[in-house]
Amino acid sequence: MISSFNLTKLNYLLRDFYNMAGIRITVFDDTFHELAAYPEQLADFCQIIRSDPDAAERCHYCDEQACKTAARRRRLYTYQCHAGLTESITPIIIGNIVIGYLLFGHVFSYPSHEDGWKQIKECCGNYHIDMQALKTSTMQQQIIAEDHISSASHIMQAVAAYLCMERMVSLRQQELPVQIDEYIQAHFTEDLDAMQLAGHFKIGRTQLYEIAKQSYGLGIAEHIRNLRIEKARQLLSEQSGLSLAEISSQCGFKDYNYFITVFKRVVGVPPRAYANLISGG
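Worth saying up front: this structure is predicted, and the values here are computed from it rather than measured. (Residues numbered from 1 in each chain as written. Predicted model: local features only at pLDDT ≥ 70, side-chain atom pairs only at ≥ 80, totals over all residues. Heavy atoms only, no water.)

Draft legend 1. View of the pattern of salt bridges. Throughout the structure, instances matching the rule amount to 4 salt bridges. In this structure, the salt-bridge partner of Asp-191 is Lys-254, at a minimum N-O distance of 3.4 Å. Taken as a pair, Asp-191 in the loop between helix H7 (176-187) and helix H8 (194-201) and Lys-254 in the loop between helix H11 (244-250) and helix H12 (256-267) lie far apart in primary sequence, 63 residues in all. Lys-254 sits in the exposed class, given a relative accessible area of 73%. (Salt bridge = Lys/Arg side-chain N within 4 Å of Asp/Glu carboxyl O. Helix = DSSP H or I, 4+ residues; strand = E, 2+ residues; numbered from the N terminus. Buried < 20%, exposed > 50% of the residue type's maximum accessible area, 1.4 Å probe, protein only.)

Printed below as a string of structure tokens:
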């Protein structure tokens, strides 16, 4: 765990979210372990599902995969869980490091209880659970509209930012992922790659890859590339007098043509076309 949470303040914040949105909210750390939730107790629906050890394992797997997807996308991710209910997750990011996740659910978002039960029955039909109890619980679910889910998701994103702003969560500076991130930030425009990083920190490339996937949701090379492209976008918008060759060099690209190719692949348009778009030309 590379971060420290103020759990007392965090629990108050989770309670406020629940009182406003009416949806259970959970905090996971960077290793996908639950730190806090409000309300603490799972809803009846989830308790029925998790009465089957295989289904409970599936719940944990579903949460972990959602965390990884949110980390990779570095933004909000709304999806349907394995049991047929809707969840939404957002990464908590300090600097460039994903240090945790906020997740809300499980929300019943169907046109009717009958439609929902049809889908849920299909999703859960192979689990060894009391299906009659699950149907009863399903029919008692509050139907949550999509716009309510969307609004609650946006508020949850704001909560994630507020956690960092109010220092309810902080990085443990001595932890290796934090040191690696600081080093990358200082040197990404230089001749930097995974092999050099692994050598500098005296770790194997496999360990470095695992740290990168957990911290950024993607590999080291892709992360460095994204930082360079973001810097190129900044230079194109702020220093229009620079040539593309100068921008390419300042961002750490040795090959001018490769820079143009990568920029177009990531941004969607070539550098000059991007500059014209943001300048209104």
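Draft legend 2. Examining the side chain of Gln-141 more closely. In this structure, Gln-141 sits in the loop between helix H5 (131-139) and helix H6 (146-165). Gln-141 has contacts with Phe-45, Phe-108 and His-113, leaving out every residue within four places of it along the chain. (Contact = heavy atoms within 4.5 Å.)

Draft legend 3. Broad picture of empty space enclosed by the protein. Under the definition given, this model contains 1 cavity of 30 Å³ or more. Taken as a whole, the largest cavity encloses approximately 80 Å³ of empty space. Taken together, Phe-45, Cys-46, Ile-49, Arg-50, Cys-59, Cys-62, Asp-63, Cys-81, His-82, Ala-83, Glu-87 and His-106 make up the lining of the largest cavity. Its residues assigned to classes, the lining of the largest cavity shows 7 nonpolar, 2 polar and 3 charged. (1 Å grid on protein atoms, 1.4 Å probe; cavity = no way out; pocket = protein on both sides within 12 Å on 5 of 7 lines; lining within 4 Å. Points joined across faces, edges and corners; volume = space filled by probe spheres on them. Nonpolar A, V, L, I, M, F, W, Y, C, P; charged D, E, K, R; others polar.)

Draft legend 4. Main features of the pairing of strand E3 (residues 34-38). The pairing of strand E2 (residues 25-29) with E3 spans 4 bridges and is antiparallel. When the sheet's bridge partners are listed, Val-27 is paired in E3 with Ala-36. (Pairing = 2+ DSSP bridges.)

Draft legend 5. Highlighting the sheet that holds strand E4 (residues 77-80). Spatially, the 5 strands line up as an open sheet ordered E3-E2-E6-E5-E4, and their pairing is antiparallel. Strands at the two margins of the open sheet, each flanked by one partner only, are E3 and E4. Geometrically, the sheet is characterised by an average inter-axis angle of 20 degrees between neighbouring strands, direction not taken into account. In this structure, E2 lies alongside strand E6 (residues 97-107), joined through 5 bridges in antiparallel fashion. In the sheet register, Asp-29 faces E6, and the bridge partner there is Gly-100. (Axes fitted to C-alpha atoms, helices over the stretch in contact; angles between N-to-C directions.)

Draft legend 6. Region of the structure containing the layout of surface pockets. The volume enclosed by the largest pocket comes to roughly 450 Å³. Residue assignment for the lining of the largest pocket shows that the elements contributing at least two residues are helix H2 (44-49) and E6. Taken together, the residues that form the lining of the largest pocket break down as 11 nonpolar, 8 polar and 2 charged. Approximately 290 Å³ is the volume found for the second largest pocket. Lining the second largest pocket are 15 residues, and of these Leu-192, Arg-228, Gly-252, Phe-253 and Tyr-258 sit closest to its centre. Per-element tally for the lining of the second largest pocket: the top contributor is helix H10 (residues 220-238), with 5 residues. Its residues assigned to classes, the lining of the second largest pocket shows 7 nonpolar, 1 polar and 7 charged.

Draft legend 7. Here's a closer look at unusual backbone geometry. The step from Tyr-38 to Pro-39 runs through a cis peptide bond, and the omega angle for that step is -10 degrees. Along the chain, Pro-39 turns up in the loop between E3 and H2. The residue after Gly-105, namely His-106, is reached through a cis peptide bond having omega 0 degrees. A positive phi angle, close to 60 degrees, is found at Arg-74, a residue other than glycine. Within the secondary structure layout, Arg-74 lies in the loop between helix H3 (53-73) and E4. Of note, Lys-202 is a non-glycine position whose phi angle comes to about 55 degrees, a positive value. The residue Lys-202 is located in the loop between H8 and helix H9 (205-216) in this model. Using a relative accessible area of 74% as the deciding quantity, one classes Lys-202 as exposed.

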